[in-house]
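Examination of the molecular architecture
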Amino acid sequence: MTAACATTALDVETQLDACRLEVQQAQERETWLRMVIDTANDAFVSTNLAGEILEWNSKAEELFGWTHDEAVGKRLSETIFTPDVSGRGTGGLQYLIKVKNKGQRIETKASTRDGSEMPVEVSIAPMRIGNSFVLNAFIHDITSRKILQSKLAHAHKMESVGQLSAGIAHEINTPTQYVGDNSRFLQESFVDLMQVFDAYDGLLQAIDGGGDVGAAASRAKSAADEADLDYLKSEVHLAIEQSLEGVERVASIVRAMKEFSPPGSVCKTPTDLNQGIRNTITVATHEWKYVAEVETDLDETLPLVPCLPGDLNQVILNLIVNGAQAIGEKIGEHPTEKGRIHIASAHTKKHVEIRIRDSGNGIPDAIVNRIFDPFFTTKDVGVGSGQGLAIARSVVVEKHSGTLEVETAVGEGTTFIIQLPLEG
Amino acid sequence: MSEVLEKLQNNDPSEAPISVSLILWVDDDPHLAAGFERRLRRYGIRLIHAYDGMQGYWMAASQKPDVVITDLKMPKWPGQDLVECLSLNRELAGIPTFVVSGHIEASNRKRLRELGVTAVLEKPLGIEDLLAELRNLTERQ
């Protein structure tokens with residue numbers, strides 16, 4: 001073997017070693033990447049643009065029930081994003097990424113192999129490979145977050161029901177007082193009138209039986225004077241009218257309270273939102289009546305809106321209470337004038353709109369972007385827990401696919417605008 | 001007929017004297033004062049109404065009632081403001097004031113007493129309880 005040949009053989013050996021090292025490093029890198037993906041706390045799913053699954057990690061196996069080998073090659077629409085769950089056709093990630101901004105986390109629902117539904121948060125990133133694209137998604141199970149949100153919403157509802165019931169007790173107390181007083185006045189008046197009738201009866205008997213008519217007439221006159229008939233004539237019908245009005249007031253409060261929070265409203269039902277607004281104004285009377293006049297401008301041709309009436313009434317309540325509190329802060333503890341809360345409804349072919357405007361202090365620019373954040377509050381401890389607007393947005397946006405916007409001017413007031421689609 | 005009358009007449013109140021003849025009742029609900037007015041008339045007591053604290057103050061100044069009875073939560077001036085203003089006016093400070101309200105917390109009750117309120121009563125208020133307070137007032141005078 002010549003020296004040249006020996007050198008060439010050595011070079012080949014060296015190059016082979018380098019190649020082997022490279023292959024080994026590549027394998028180690030792939031193993032490492034595989035481990036990164038498999039040890040991720042979130043499900044990792046990769047698809048092509050047709051929605052065919054290319055990658056499926058251990059967490060995806062654990063969350064959704066299909067093994068890696070079962071899932072790869074299937075379409076998303078056959079596994080986790082079935083059309084009946086996502087309601088979004090068969091587009092899968094491609095559809096999700098189109099409807100939302102790139103990089104944004106999207107809340108949706110996923111199916112599992114056993115047929116149940118799971119609330120998830122999906123974060124999608126497109127990746128270009130040559131002329132094609134692959135979509136990579138991290139999918140996070142948000143079941144516990146949803147349970148917590150629902151518990152908080154329930155706690156908030158209970159808190160506002162507690163607050164409302166104190167107000168309602170007060171609103172019912174006043175008519176109860178005067179209905180009672182009027183009834184006792186009528187009872188006393190009845191006694192007086194019976195005495196007058198007895199005296200007149202005596203007069204009739206005196207006339208019929210030839211008794212002392214003059215004395216009987218004098219007794220009848222003094223009984224009538226004592227009963228103060230003129231006063232009774234003017235007051236008895238007023239006492240009856242006011243009592244009936246009081247009973248109707250109590251009945252309307254009780255009726256509004258029953259309709260405000262209908263039992264078992266877990267499905268969207270066609271609802272008269274104007275009536276919901278009127279009921280909510282009634283049950284919240286005690287919250288606004290000392291600081292504001294409430295005016296309504298309701299679209300009487302408003303169609304029935306598919307919604308969860310109990311949840312939407314809660315939103316309107318939160319906005320009315322917020323408006324009243326904003327006005328209360330503006331007019332101070334010793335007010336000489338009331339503010340105004342204006343509630344309007346309107347509709348187009350596709351939407352209904354509810355506008356709730358208050359003449360309070362408005363919201364400063366610095367915090368207006370944070371008002372819908374859970375637990376954000378500027379109110380004193382015990383007045384607000386910072387959940388009212390967060391829940392309002394969750395109900396309008398997440399549960400009804402609507403929008404909730406705010407227009408505000410410092411010193412002048414705030415308007416909240418709810419828009420709901422007419423097709424549920 | 002006589003049985004009915006007997007039963008109803010059993011509600012007749014005590015005959016102890018009451019020196020009060022004019023009450024100013026301040027409450028934002030006009031029906032509430034009207035109900036009391038009808039019942040108090042039988043005892044020779046006349047009632048005038050004001051619908052908020054500010055109106056109550058001016059009526060107290062112009063009509064000089066024997067007693068002022070006020071609610072607490074009202075538009076414009078609340079009842080506590082009215083009580084304070086009355087106590088600060090030399091001409092009106094001597095008029096006994098009662099507070100009649102839906103719910104009065106213990107701390108508020110104490111504060112009202114400190115402001116010189118004669119009686120703090122909760123709605124719904126029986127006429128017998130109101131008459132008892134008016135008789136106490138008469139005895140003290």
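The following paragraphs examine the structure supplied in this document. (Residues numbered from 1 in each chain as written. Chains lettered and ligands numbered in written order. Predicted model: local features only at pLDDT ≥ 70, side-chain atom pairs only at ≥ 80, totals over all residues.)

Bringing the overall build of chain B into the picture now. For chain B, the count of helices and strands is 6 helices and 5 strands. Taken from N to C terminus, the helices and strands of chain B fall in the order α-β-α-β-α-β-α-β-α-β-α. (Helix = DSSP H or I, 4+ residues; strand = E, 2+ residues; numbered from the N terminus.)

Let us now look at the packing of helix 8 (residues 229-260) of chain A against helix 9 (residues 273-283) of chain A. All names here are of chain A. Remark: helix 8 packs on helix 9, axes separated minimally by 8 Å, with the N-to-C direction vectors making an angle of 120°. Between helix 8 and helix 9, the angle is such that the two are oblique. Once helix 8 is placed against helix 9, the crossing between them reads as left-handed. Between helix 8 and helix 9, the residues in contact are S252, I253, A256, M257, E259 and F260 and N279, T280, T282 and V283, respectively. Each residue belonging to the contact of helix 8 with helix 9 can be placed in one class, and the counts come to 5 nonpolar, 4 polar and 1 charged. (Axes fitted to C-alpha atoms, helices over the stretch in contact; angles between N-to-C directions. Parallel < 35°, antiparallel > 145°, perpendicular 65-115°, else oblique. Left-handed = near helix turned anticlockwise from the far one by under 90°. Contact = placed C-beta atoms within 7 Å. Nonpolar A, V, L, I, M, F, W, Y, C, P; charged D, E, K, R; others polar.)

Turning our attention to the environment of Q275 of chain A. Of note, Q275 of chain A is situated in helix 9. In this structure, the C-alpha to C-alpha distance between Q275 of chain A and E259 of chain A, residues 16 residues apart in sequence, is 9.0 Å.

In this structure, W288, V315, I320 and A392 of chain A together with I23 and I69 of chain B are the most contacted members of the largest nonpolar core, which totals 75 residues. Examining the composition of this core, we find that 9 residues originate from one element, helix 11 (residues 309-331) of chain A, more than from any other. Residues contacting W288 of chain A, with those up to four places away along its chain left out, are V294, I320, A324 and I341 of chain A. Ranked by size, the runner-up nonpolar core spans 19 residues in total, among them A43, W56, F81 and L135 of chain A. (Core = buried A, V, L, I, M, F, W, Y, C linked by C-beta atoms within 7 Å. Buried ≥ 20, exposed ≤ 12 C-beta atoms within 10 Å, placed from the backbone.)

What follows deals with helix 13 (residues 388-399) of chain A. Residues and elements named next belong to chain A. Here helix 13 is 12 residues long and its end C-alpha atoms lie 15 Å apart, about the 16 Å a rise of 1.5 Å per residue gives. Taken across its 12 residues, helix 13 has 9 buried, putting it largely inside the fold. Here helix 13 has its buried residues at G388, L389, A390, I391, A392, R393, S394, V395 and V396. Buried positions along helix 13 lie against helix 6 (143-209), helix 11, strand 11 (403-409) and strand 12 (413-421). With its phi angle positive at about 50°, S401 sits one or two positions after the end of helix 13. (Expected span 1.5 Å × (residues − 1).)

Below, the discussion takes up the interface of chain A and chain B. Opposite the 25 residues of chain A that make contact, chain B presents 24 residues. Breaking the side of chain A that touches chain B down by element, the ones donating at least two residues are helix 6 and helix 8 of chain A. No other element matches the 16 residues that helix 6 of chain A contributes to the side of chain A that touches chain B.

Here we take up unusual backbone geometry. Of note, the amide linkage connecting K123 of chain B to P124 of chain B takes the cis form, showing an omega dihedral of -5°. With respect to the element layout, P124 of chain B can be found in the loop between strand 5 (119-122) and helix 6 (127-140). Notably, D228 of chain A is not glycine yet its phi reads approximately 55°, a positive angle. Of note, D228 of chain A is situated in the loop between helix 7 (213-227) and helix 8. D228 of chain A gets classed as partly exposed once you count the C-beta atoms within 10 Å, which come to 15. Not every positive phi belongs to a glycine, and K64 of chain B is a case in point at roughly 45°. Counting through the fold element by element, K64 of chain B comes out in the loop between helix 3 (53-63) and strand 3 (67-70).

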